[in-house]
Amino acid sequence: MMPCDQSSSKMRRLGLALVLQATFFSALSFPNQLQTATAQTTAGNRPLTIRSDIQEYDSKNQVITARGNVQMLYPARQIQATASQAQYFSKERRIDFSGNVYILQQGGNSMRAERVTYLIDEGRFVALPQSSRQVESIYMVEDSALDTGNSTPAPNTPAFKPAN
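From a predicted model like this one, the values you see are computed outputs, not experimental measurements.

Chemist: Quick question: what am I supposed to make of the overall build of the protein here?
Modeler: Regarding its fold elements, the protein presents two helices and nine strands. Taken from N to C terminus, the helices and strands of the protein fall in the order α-β-β-β-β-β-β-β-β-β-α. With 164 residues in all, the protein has 23% of them scored as buried. For the protein, long-range pairs separated by at least 24 residues make up 29% of all intrachain contacts whose partners lie at least 6 apart in sequence. Summing over all exposed atoms, the protein offers an accessible surface of approximately 12300 Å²; the carbon and sulfur share of this is 52%.

Chemist: I'm lost on the environment of Q78 in this one. Help?
Modeler: Note on placement: Q78 falls in the loop between β4 (63-74) and β5 (79-89). Given a relative accessible area of 43%, Q78 falls into the partly exposed group. Separated by 28 residues in the primary sequence, Q78 and Q106 place their C-alpha atoms 5.5 Å from one another. Residues contacting Q78, with those up to four places away along its chain left out, are L104, Q105 and Q106.

Chemist: Looking at this model, I keep getting lost on the nonpolar core. Mind explaining?
Modeler: The nonpolar side chains of soluble globular proteins are, as a tendency, buried together. M72, I95, F97, I103, V116 and Y118 are the most contacted members of the largest nonpolar core, which has 22 residues in total. For this core, the elements supplying multiple residues, two or more each, are β2 (47-52), β4, β5, β6 (94-105) and β7 (110-119). Ignoring anything within four residues of it in the chain, the contact list for M72 reads L48, T49, I50, I79, Q80, A81, I95 and F97.

Chemist: I keep staring at the pairing of β4 and nothing clicks. Help me out?
Modeler: On a regular strand, each side chain points to the face opposite its neighbour's, so the side chains alternate between the two faces of the sheet. The sheet contact formed by β2 and β4 spans three bridges and is antiparallel. Bridge assignment links R51 to a residue of β4, and that residue is Q71. Pairing geometry for strand β3 (residues 54-58) and β4, over five bridges, is antiparallel. In the sheet register, Q55 faces β4, and the bridge partner there is A66. Counted along the chain from β4 to the antiparallel partner β5, the turn is four residues long, and its residue Q78 has a positive phi close to 55 degrees.

Chemist: Would you take a moment to explain the pattern of salt bridges for this structure?
Modeler: Pairs can form between side chains of opposite charge once their charged atoms are near each other. All told, the structure shown has four salt bridges when counted by the stated rule. Note that R67 and E56 form a salt bridge whose closest N and O atoms lie 2.6 Å from each other. Highlighted residues: R67 in strand β4 and E56 in strand β3, separated in sequence by 11 residues. For R67, a relative accessible area of 31% translates into the label partly exposed. Taking relative accessible area as the criterion, E56 reaches 43% and is therefore assigned partly exposed. One salt bridge connects R93 with D121, and the closest N-O pair in it is separated by 2.6 Å. Of this pair, R93 sits in the loop between β5 and β6 while D121 sits in the loop between β7 and β8 (124-128), and the two are 28 residues apart along the sequence. A relative accessible area of 55% places D121 in the exposed class.

Chemist: Help me understand the packing of aromatic side chains in this model?
Modeler: Any pair of aromatic rings gets described here by the distance separating the centres and the angle formed by the planes. Scanning the model with the defined rule gives one aromatic pair in all. The positively charged end of R94 is found above the aromatic ring belonging to F89, 4.0 Å away from the centroid.

Chemist: Hey, could you run me through the confidence of the model for the protein in this one?
Modeler: As a note on interpretation, predicted positions should not be read in detail where pLDDT is low. Per-residue pLDDT for the protein has a mean of 78; in total, 63% of the residues score no lower than 70. For residues 16-33, every residue scores under 50 in pLDDT, and the model assigns this stretch zero contacts once sequence neighbours within four places are set aside.

Conventions used here
Residues numbered from 1 in each chain as written. Predicted model: local features only at pLDDT ≥ 70, side-chain atom pairs only at ≥ 80, totals over all residues. Heavy atoms only, no water. Helix = DSSP H or I, 4+ residues; strand = E, 2+ residues; numbered from the N terminus. Buried < 20%, exposed > 50% of the residue type's maximum accessible area, 1.4 Å probe, protein only. Contact = heavy atoms within 4.5 Å. Areas by Shrake-Rupley, 256 points an atom, 1.4 Å probe, with all protein chains shown as cover. Core = buried A, V, L, I, M, F, W, Y, C linked by side-chain atoms within 4.5 Å. Pairing = 2+ DSSP bridges. Salt bridge = Lys/Arg side-chain N within 4 Å of Asp/Glu carboxyl O. Phe/Tyr/Trp six-rings, centres within 6.5 Å; stacked < 30°, edge-to-face > 60°. Lys NZ or Arg CZ within 6 Å of the ring centre and 35° of its normal. pLDDT = per-residue confidence, 0-100.

Following this line, the structure appears as structure tokens:
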């Protein structure tokens, strides 16, 4: 027979091993779930979905705040966005993104900035950079003259003259 201390010690280790194993397999089976908020944006009830690690809703002011790995999908406007934080102001119909904001529209147009405000009713973005940086936007411009082969060359651009 084993002394009581050794027996209970082995039982604890066996129990710990089983608990750790169960925890490991449950983590593999059930990946972390992002919090999801879906807002109805117009009378047409088209959803705007925001996923993030943490979300809060202020019912008095009707503001959703999403933090951590924020992903927004707005299929009605063909917009996808990522950021560190987003706030959806449903009364003002405005979304404020902050922290490494990246916005992609169907067709390949995109924008990168530190802060972006999206005014839903106007379909307008207002972007602000980090200090001493710039906002970057990429717009896909269709040039039908290039597609037909009947293009005229672009005019010569005058040389850049720095201001005094």
